[in-house]
Amino acid sequence: MSDTDGKKTLGLRGGGSRPGNVKQSFSHGRTKNVVVETKRKRVVVPKPGAGKANTATGVIQGDPSRRPAGITDAEMERRLKAVQAAKARESEEAAARAAEEKARAEDRERRRAEAEAKEREEREREEALKAKAAEEERARKEAEDAAKRAAAPAAQPDAAATAEPRSAPNRGPAPASTPRKAEREREQQRPNRGKGGDDNRRSGKLTLNQALAGGEGGRQRSMAAMKRKQERARQKAMGQNVEREKIVRDVQVPEAIVVSELANRMAERVGEVVKALMNNGMMVTQNQTIDADTAELIVEEFGHRIVRVSDADVEQVIAQVEDDDDALTPRPPVITVMGHVDHGKTSLLDAIRNAKVVAGEAGGITQHIGAYQVNTTDGQLLTFLDTPGHAAFTSMRSRGAQVTDIVVLVVAADDAVMPQTVEAIKHAQAAKVPMIVAINKIDKHDANPDKVRTDLLQHEVVVEKMSGDVQDVEVSAITGQGLDELLEAIALQAEILELKANPERAAQGAVIEAQLDVGRGPVATVLVQTGTLKQGDIFVVGEQWGKVRAMENDKGARVKTAGPSVPVEVLGLNGTPEAGDVLNVVATEAQAREIAEYRANAAKDKRAAAGAATTLEQLMANAKADENVSELPILVKADVQGSAEAIVQAMEKIGNDEVRVRVLHYGVGAITETDVGLAEASRAPIMGFNVRANASARNTANQKGVEIRYYSVIYDLVDDVKAAASGLLSNEIRENFIGYAEIKDVFKVSNVGKVAGCLVTEGIARRSAGVRLLRDNVVIHEGTLKTLKRFKDEVSEVQSGQECGMAFDNYEDIRPGDVIEIFEREEVTRTLS
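Just so it is clear, the model here is predicted, and its values are computed rather than measured.

Procedures and definitions
Residues numbered from 1 in each chain as written. Predicted model: local features only at pLDDT ≥ 70, side-chain atom pairs only at ≥ 80, totals over all residues. Heavy atoms only, no water. Axes fitted to C-alpha atoms, helices over the stretch in contact; angles between N-to-C directions. Helix = DSSP H or I, 4+ residues; strand = E, 2+ residues; numbered from the N terminus. Left-handed = near helix turned anticlockwise from the far one by under 90°. Contact = heavy atoms within 4.5 Å. Nonpolar A, V, L, I, M, F, W, Y, C, P; charged D, E, K, R; others polar. Buried < 20%, exposed > 50% of the residue type's maximum accessible area, 1.4 Å probe, protein only. Phe/Tyr/Trp six-rings, centres within 6.5 Å; stacked < 30°, edge-to-face > 60°. Lys NZ or Arg CZ within 6 Å of the ring centre and 35° of its normal. Parallel < 35°, antiparallel > 145°, perpendicular 65-115°, else oblique. Pairing = 2+ DSSP bridges. Disulfide = S-S within 2.5 Å.

Trainee: An account of the packing of helix α7 (residues 270-279) against helix α8 (residues 292-301) is needed here, citing residue identities and associated values.
Mentor: How two helices pack is summed up by the angle between their axes together with the distance between the axes. Packing of α7 against α8 brings their axes to within 11 Å, and their N-to-C directions diverge by 115°. Like other packed secondary-structure pairs, α7 and α8 cross with a definite hand, here right-handed. Only Thr294, Ile298 and Glu301 of α8 make contact with α7, whose side of the interface consists of Val273, Ala276 and Leu277. Grouping the amino acids of the contact of α7 with α8 by side-chain chemistry returns four nonpolar, one polar and one charged.

If you want it as structure tokens, here you go:
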């Protein structure tokens, strides 16, 4: 085939085009000539032999002379079918459109008829009302005219008679003119809706002229007010007087509420509420606060329903939910290791975990509560809590017993039962949790496990070897003896308890320990008790709230979730919580913030109420009681919340009726400039337990002379504070009796007075000592000696069995037979026990 294929080339001229010019006009007098080309329809000339009918298929393919060139029979058949389908579809669509248009027309006609009927009824009703009003107006005017004619003076009968003939000819057509007159009156009564009339519909709407001229000001009536006004006008025109239906509302009333807020919640006017209060004898304004009982009376008086609410209702979102038995799954047991200090609790855990925690503890004693997870050889997961054994950490041991499932009581075989062992037993019995006795240090040569079992009988702990129900295992943390038996006993006890929890619910846990980390901020060690704690959860814990920013397990690895019985370190708190606080996951941040704020305010009010005197007498009594008490103010900063709490509790036990230790402030984290400023204002030392002061705080302390002491063992801190408090005690005055003398005779010496001739019967008589004069074993005088002579010589002391002369200072009522008691006073420095 050629390139042109018998077709003509396209161009401006020739072919089927007919060019022409069109003049376009634009704004500002601009014009433009445009060349317009009109194309004729191109006719395709069929090729020779391409239009033969396909007689073999028996299908009529159309007129071959009118078929376009290059179109096969199959293509022609497809095109014909497509055309037929399109025509059928068009006919169906046309029928559907016609039916739809007919339905729409019928609907429009029906609505138009209804609207016309309604409008006709409304118009007839309005015309009847207007006719009635016009009739009443006409009757009123006729009555007025009759009254005027009756009141006219009777002195004008001639004028009336003269006017009567003139009006007589007009009386005939009068009845015919009465309907026209009534129609004109109705037209005058009908409101004018033209342009010149007073159209009430436009009242209250802002027009351009009103906006430019200022008009009535910027405040206009709302659309709702206009609709209410039109509705009232319509009801008034129809002669109706419909009262608004009273809406009864549920009014939430807290413990105290402002009068204006109460009126707002009832949707009543403030003035009406104030009026009701004044009727009840309360002269209040809208800005004053009333109690809930008074508000209940007002709410019931206005016909509403009261709903009492309180600030504590914000905690209803974290109410306890009972889990279904089907949703419960087994969880690992929580085991708390308790016992006396230095009985090997942490060493025993290190032997189980193959770790060396005890090597990092100051002084070799545990001063923090730790949480660990251990996988046994049979694949069972155990959660251990290690508690301190020192006497100051009572609250830590109590918290450990409250969140645990099993208590392992560690007793040293060479030391038997000690005070903190007894305390641990009491904590376990109070928490009603099973106990397993681990007799440690069995490898020592002086170990006596039978003595441990016997001593435990005194505290109602009967082990299995003594025919009891408490399991006991002999172990050694050094050699590893009995560790497998201990784990087996724990697994057996856990299997008996059948511990289960629901991991699919919102998490709830307990704070084991909390601290303020320099790089990570407030960090809390949380033991999840039920549910699953996820990263991103919003929670509230005590007076603090936060969002889980990150979680770390006991090995320091980051985790995304923590299920039941899993201890994790949680980051993302807004403050350091108290150890022992309960963690609850809530839905929104607003709920967490509201609950934390309510708890903080409640705790603040409780502390204020505890430290304040309720009456003036109590205030004076407290001031009088504290008048003779010396205080030692201190500031305490510790590394973790539990240690700070234990130190404060130990400080409260130091002191007596004369001196006491007052903790001005305690917290966790490094010592800051704020702490130094508070210590300087109170003249108090700062005690740092496992923390240090930052550079600026050290410089400020050196400039202001504030003493900062650092400690890593709680023994040293308690002893130093006790010694400092002992320095505030006044010295004790003790009397030592050194001798007795009996008066044999009394002599009167000039310029001296009466002198007693005495015989020292016991001890020694000293000139500088104090004396008491006893008569019939009753003290009648106490004072000092003016003179002590042996013969004629003044001496400093006289031995027993010798005679001497004594004269009292400013006292002369002495008789033979009296006894002189000689004593010395000495000051003894007291210490706090």
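Trainee: Provide a residue-level description of the side chain of threonine 525, including the pertinent values.
Mentor: Checked against the element boundaries, threonine 525 lands in strand β16 (residues 521-530). Look at threonine 525 and you get buried, because its relative accessible area is 17%. Sequence-distant contacts of threonine 525, defined by excluding residues within four places in its chain, comprise Ala510, Val511, Ile512, Glu513, Val568 and Glu569.

Trainee: Explain the packing of aromatic side chains residue by residue, including any values.
Mentor: Each aromatic ring pair is summarised here by two numbers: the centre-to-centre distance and the angle between the ring planes. Enumeration over the complete set of coordinates arrives at one aromatic pair. Seen from their ring centres, phenylalanine 737 and phenylalanine 823 are 6.5 Å apart, and the 65° between their planes marks the pair as edge-to-face. One end of the pair, phenylalanine 737, is in strand β28 (residues 732-749); the other, phenylalanine 823, is in strand β35 (residues 819-828), and 86 residues separate them in sequence. Note that arginine 772 overlies the ring of phenylalanine 823, its terminal NZ or CZ placed 4.0 Å from the centroid.

Trainee: Describe the packing of helix α17 (residues 673-682) against helix α18 (residues 695-704), and please don't skip the residues or the numbers.
Mentor: Packing of α17 against α18 brings their axes to within 8 Å, and their N-to-C directions diverge by 20°. Here α18 runs roughly parallel to α17, going by the angle between their axes. α18 is crossed by α17, and the crossing has right-handed handedness. For the pair formed by α17 and α18, the contact residues are Glu673, Val676 and Glu680 on the first element and Ser696, Ala697, Thr700, Ala701 and Lys704 on the second.

Trainee: Residue-level account of the pairing of strand β3 (residues 250-253), with values.
Mentor: Only one face of β3 is covered, namely the face carrying Val251 and Val253; the face carrying Asp250 and Gln252 is uncovered. Examined bridge by bridge, β3 and strand β6 (residues 305-308) share four bridges and lie parallel to one another. If you follow aspartate 250 over to β6, its bridge partner there is arginine 305.

Trainee: Now, about the sheet that holds strand β11 (residues 406-412): what can you tell me, with residues and values included?
Mentor: Backbone-to-backbone hydrogen bonds pair the strands of a sheet. The strands run either parallel or antiparallel. Spatial ordering of the open sheet is given by β9-β10-β8-β11-β12-β13, a layout of six strands whose pairing is mixed. The sheet is open, and its two borders are formed by β9 (370-375) and β13 (471-474), each paired with just one other strand. Here the strands of the sheet are splayed against their neighbours by 25° on average, with no regard to which way each runs. Of the strand pairs in this sheet, β9 and strand β10 (residues 381-386) are connected by six bridges, and their pairing is antiparallel. The residue bridging tyrosine 372 from the neighbouring strand is phenylalanine 384, located in β10. Across the sheet, helix α12 (residues 449-456) touches β11, β12 (435-440) and β13, and the angle it forms with β12 is around 145°.

Trainee: Describe the state of the cysteines, and please don't skip the residues or the numbers.
Mentor: Evaluated as defined, the whole model comprises zero disulfides. Cysteine 758 forms no disulfide, and the closest cysteine sulfur to it belongs to cysteine 804, at a distance of 5.3 Å. Residue classification places cysteine 804 among the buried positions, given a relative accessible area of 7%.

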